Amino acid sequence: MNNRMEHVMCWIRTGRSEQAMTTLEAWIKETPQDAQLLRMAASAAEATGDWGRAQKHWGALLEHGASDDMTSIGYANA
């Protein structure tokens, strides 16, 4: 994991999920099929209680072919 990702993970863990979301969504615009970014964005959205945003990111993962249980459960929860 690169340094940028570590900062975002730290923001999520320390309750600065909105800051993490802003950063992650900017990165997703650059690389919209990056599964790691989409998962992190979905998790950050859940942490802020923004279920619509979480569903959007989980759904994007499913559209890009993710078939793991975590993605399916995340989407269903959102």
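Residues numbered from 1 in each chain as written. Predicted model: local features only at pLDDT ≥ 70, side-chain atom pairs only at ≥ 80, totals over all residues. Heavy atoms only, no water.

### Brief notes about the environment of isoleucine 12
Our working rule: Secondary structure elements follow DSSP: runs of H or I of four or more residues count as helices, runs of E of two or more count as strands, with numbering from the N terminus. In this analysis, two residues are considered to be in contact whenever any of their non-hydrogen atoms come within 4.5 Å of each other.
Mapped onto the elements, isoleucine 12 comes out in helix H1 (residues 3–13). In the structure, isoleucine 12 is positioned 29 residues away from alanine 41 in sequence and 9.8 Å away in space, judged by C-alpha atoms. Contact partners of isoleucine 12, with chain neighbours within four places excluded, come to Ser17, Ala20, Met40 and Ala44.

### A closer look at H1
To be explicit about the condition: Residue exposure (1.4 Å probe, protein chains only): buried if accessible area is under 20% of the type maximum, exposed if over 50%, otherwise partly exposed. Directions drawn from the helix axis to the C-beta atoms are what define this arc.
Along H1, the positions that sit buried rather than exposed are Met5, Val8 and Trp11. An end-on view of H1 places all buried positions within 120 degrees of arc, on one side of the element. Glycine 15 sits one or two positions beyond H1 and adopts a positive phi of about 85 degrees.

### A look at the nonpolar core
Cut-off, in case you're wondering: Buried residues of nine kinds, namely Ala, Val, Leu, Ile, Met, Phe, Trp, Tyr and Cys, make up a nonpolar core once their side-chain atoms join them within 4.5 Å.
Ranked by internal contacts, the top residues of the largest apolar core, which has 20 residues, are Val8, Leu24, Trp27 and Leu37. Within the residue set of this core, elements represented by two or more residues are H1, helix H2 (17–30), helix H3 (35–48) and helix H4 (51–63). The biggest single contributor to this core is H3, with 7 residues. When sequence neighbours within four positions are dropped, the list of residues in contact with leucine 37 reads Met5, Leu24, Trp27, Ile28 and Thr31.

### Structural notes on H3
Counted only if it meets this: Any helix carries an expected span of 1.5 Å times its number of residues minus one. Polar contacts here mean pairs of N or O atoms no more than 3.5 Å apart (in protein, one a potential hydrogen donor and the other a potential acceptor; neighbouring residues in sequence count only if both atoms are side-chain atoms).
Helix length check: H3 (14 residues) gives 20 Å between terminal C-alpha atoms against 20 Å at 1.5 Å per residue, within 8%. For H3, the set of buried residues is Leu37, Leu38, Met40, Ala41, Ala42, Ala44 and Ala45. The inward-facing, buried residues of H3 abut H1, H2 and H4. You can read the cap of H3 off the contacts: a side-chain oxygen lies 3.0 Å from the backbone nitrogen of glutamine 36, and it is on aspartate 34. One or two steps after H3, the chain reaches glycine 49, where phi turns positive at roughly 80 degrees.

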